[in-house]
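Below are the chains, spelled out letter by letter.
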Amino acid sequence: MWTALMFWGASIAFCVAVAVYLCSLIESSGVRRWGATGSLFRYDE
Amino acid sequence: MSTMTISYTVVFASYLVFLAWTTIKSLKEVETLSDFTTGGHRMGLLLGVGTSVATWVSVASVMGVPGYLYRTGAAAIIGWVAGWFLATSIMPILAYKVRRPEIPARTFPEFIRMRFEPFEKVSNLQLLVAVLMFVGYFIFCHLQVVGFGIVFNTITGIPYEYAIFGFLALLVLTSLGGFWSVAATDTLNAVLILIGLVFGTGAVLYATGGIGPILDNLAQTTAPINVGGTPMEAGVMLTPEGTFGWSVLMGIFMSNALGASVAPHWINRFMAPKNTKAAVLQMMWTVVALIPIFVCLIVIGLGAKMLLPSLPVGKTTDYIMPLIVQEHAPSFVGAMTLIAILAAAISTANSMLLNCGTSLYYDIWRALRPEGRLDDAKATRHLRWTVLVLGALSVLSAIKPPLLLAMGFTYVYGAFGAAFMWPVWLGLFWRRMNRSGAYAGILVGTLVYVVAKLLDFSNPFAVGAGLSLVATLIGVYLTPAPPREAYEAYFEPDVSPSTRAVALRIRREDDGAHHEVHAAKTSA
């Protein structure tokens, strides 16, 4: 049961990691039109 | 009037009032054609997450997941739940690229045209994709109607024909306002799905005594799925590989994880947020918001094995959730669970109907008239009529559902994955990906998938997608690189004037109009 739940948890963790990485790429690009605001999770000014 | 009837009437009436209010409010948001097709590319995170969650959770998942768990135990969490979550986990990567252009496509076939055939007056690739989408989404829509009618009839006893026409009214009500009304009503539906499932889970936990007794029962039970069937091995329901074995389970996991991410209605969802980061965050928060919904579905599925060890002969596991809730919960909880199923059906079907309608009107009828100058108001009105007629046809076709259409269900998702996987992924991440590669990938992927399915291959998606990749690469390397106007918007922050002009020409807008609309929406 725990192995099955770990598979599921790993999928969720992977999603969050990918999204955080992509948001950091947007921030480092500095392109405001893409949502670079100076804050990782803020998308709008 | 019995308490049960009063409970059901109050819950349903409240739901209809909320739905109507949300639709009327969101109708005011639709001013342009882009508003109708993709929410004007200005959707915020709340609506984006709401519509994505509700579209994600269909009748198939609300009814199917507890059914899989009841049948196979913990293995279903790996094969289906984790597989689907992994599919959603890679969506932010696609969203990151799809929402990059300043002037994005309005529909999936238009995205394919902008990326691969930007200079064609009439794009055959756009038409090909639109026809595949139209057929696929009509089948999806039809099946949501049939599925809902059967479920509603089984649970409430209301005749199937009445149920599907009632469903038509709700479907059309939530679709006529286009993407804004679909998104707004979906957000409401997402909340109701969660509330309904929380009530259902509470009822199951109360009836079983909690998680501990449920796990104890799973460790000991040998009860077959149906009365009189072969008994199970004790403890097998708690092992991760269950009765499948690891190789079969990994096959199920991978086929659920791959392919679903490139379904056209998801690509369409990625065009709606107001910028790239909002598109990425939308999919991340969607995954987070789906966790409590799936916790509920898992508890209901596993708890059901304790409350009803074996189903009567002839009953499928798909009905385990409503059966358990109806038998072990008060009538108000039963009504709330039924609302969750209704909300899941409507929120998936309205999205399918919108995609079906836009494919037919925007990507086929309008695309075949390159010189036609329809203003936004007229085009939006035509789109509303298209959606209305298609909704009516999907219900009429469901009165006596033909067997062929029912068989089509399993074909569509796999065919979409096999056909569009490489054109979408390579188109977004490889500048060299070109028109010939897209034609080869889509045609070979579709045909091989259908043939593999007809020949009963064990994994037709893998065969279709594999050969589609080979065909795509051959097509790409045998023909020249694409023009800059085809890929620039997906790779560079600023595009050349010619790329901008091509995007505006495809959308049939002039630059001034685009700037004015964009500025007005941003300031609003």
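Residues numbered from 1 in each chain as written. Chains lettered and ligands numbered in written order. Predicted model: local features only at pLDDT ≥ 70, side-chain atom pairs only at ≥ 80, totals over all residues. Heavy atoms only, no water.

Caption draft 1: Structural view of the overall build of chain B. Looking only at helices and strands, chain B features 23 helices and zero strands. Scaling as 2.2 N^0.38, a compact globule of 524 residues should have a C-alpha radius of gyration of about 24 Å, and chain B matches this with 23 Å. On the principal axes, the C-alpha backbone points of chain B span a range of 70 × 50 × 40 Å. Counting every position in chain B, which comprises 524 residues, the buried fraction comes to 60%. For chain B, contacts bridging at least 24 residues in sequence account for 82% of all contacts bridging at least 6. Summing over all exposed atoms, chain B offers an accessible surface of approximately 19300 Å²; the carbon and sulfur share of this is 69%. Once the 33 positive and 27 negative side-chain charges of chain B are each reduced to a mean point, those two points are 3 Å apart. (Helix = DSSP H or I, 4+ residues; strand = E, 2+ residues; numbered from the N terminus. Rg over C-alpha atoms; globule rule 2.2 N^0.38 Å. Buried < 20%, exposed > 50% of the residue type's maximum accessible area, 1.4 Å probe, protein only. Contact = heavy atoms within 4.5 Å. Areas by Shrake-Rupley, 256 points an atom, 1.4 Å probe, with all protein chains shown as cover. Lys, Arg positive; Asp, Glu negative; His and termini not counted. Charge placed at Lys NZ, Arg CZ, Asp CG, Glu CD.)

Caption draft 2: Focus on the interface of chain B and chain A. Contacts between the two partners involve 40 residues from chain B and, on the opposite side, 29 residues from chain A. The contact between chain B and chain A buries some 3000 Å² in all, and 78% of this surface belongs to carbon and sulfur atoms. At the boundary of chain B and chain A, one finds two salt bridges. The salt bridge involving Asp44 of chain A is made with Lys274 of chain B; its shortest N-O contact spans 3.0 Å. (Buried area = accessible area lost by both parts, 1.4 Å probe. Salt bridge = Lys/Arg side-chain N within 4 Å of Asp/Glu carboxyl O.)

Caption draft 3: Inspection of the nonpolar core at higher detail. Residue and element names in this part refer to chain B. Of all hydrophobic cores here, the largest spans 171 residues; its most connected members are Phe111 and Phe294. With 18 residues, helix 14 (residues 276-307) is the single largest residue contributor to this core. Listed in part, the 14 residues of the second largest apolar core include Leu33, Ala183, Tyr362 and Ala379. (Core = buried A, V, L, I, M, F, W, Y, C linked by side-chain atoms within 4.5 Å.)

Caption draft 4: Representation of helix 9 (residues 160-175) of chain B in the model. In this model, helix 9 of chain B (16 residues) spans 22 Å end to end at C-alpha, consistent with the 22 Å of a helix rising 1.5 Å per residue. For helix 9 of chain B, the full list of buried residues reads Tyr160, Ala163, Ile164, Phe167, Leu168, Leu170, Leu171, Val172, Thr174 and Ser175 of chain B. (Expected span 1.5 Å × (residues − 1).)

The quantities given are spatial measurements derived from coordinates; they are silent on function.
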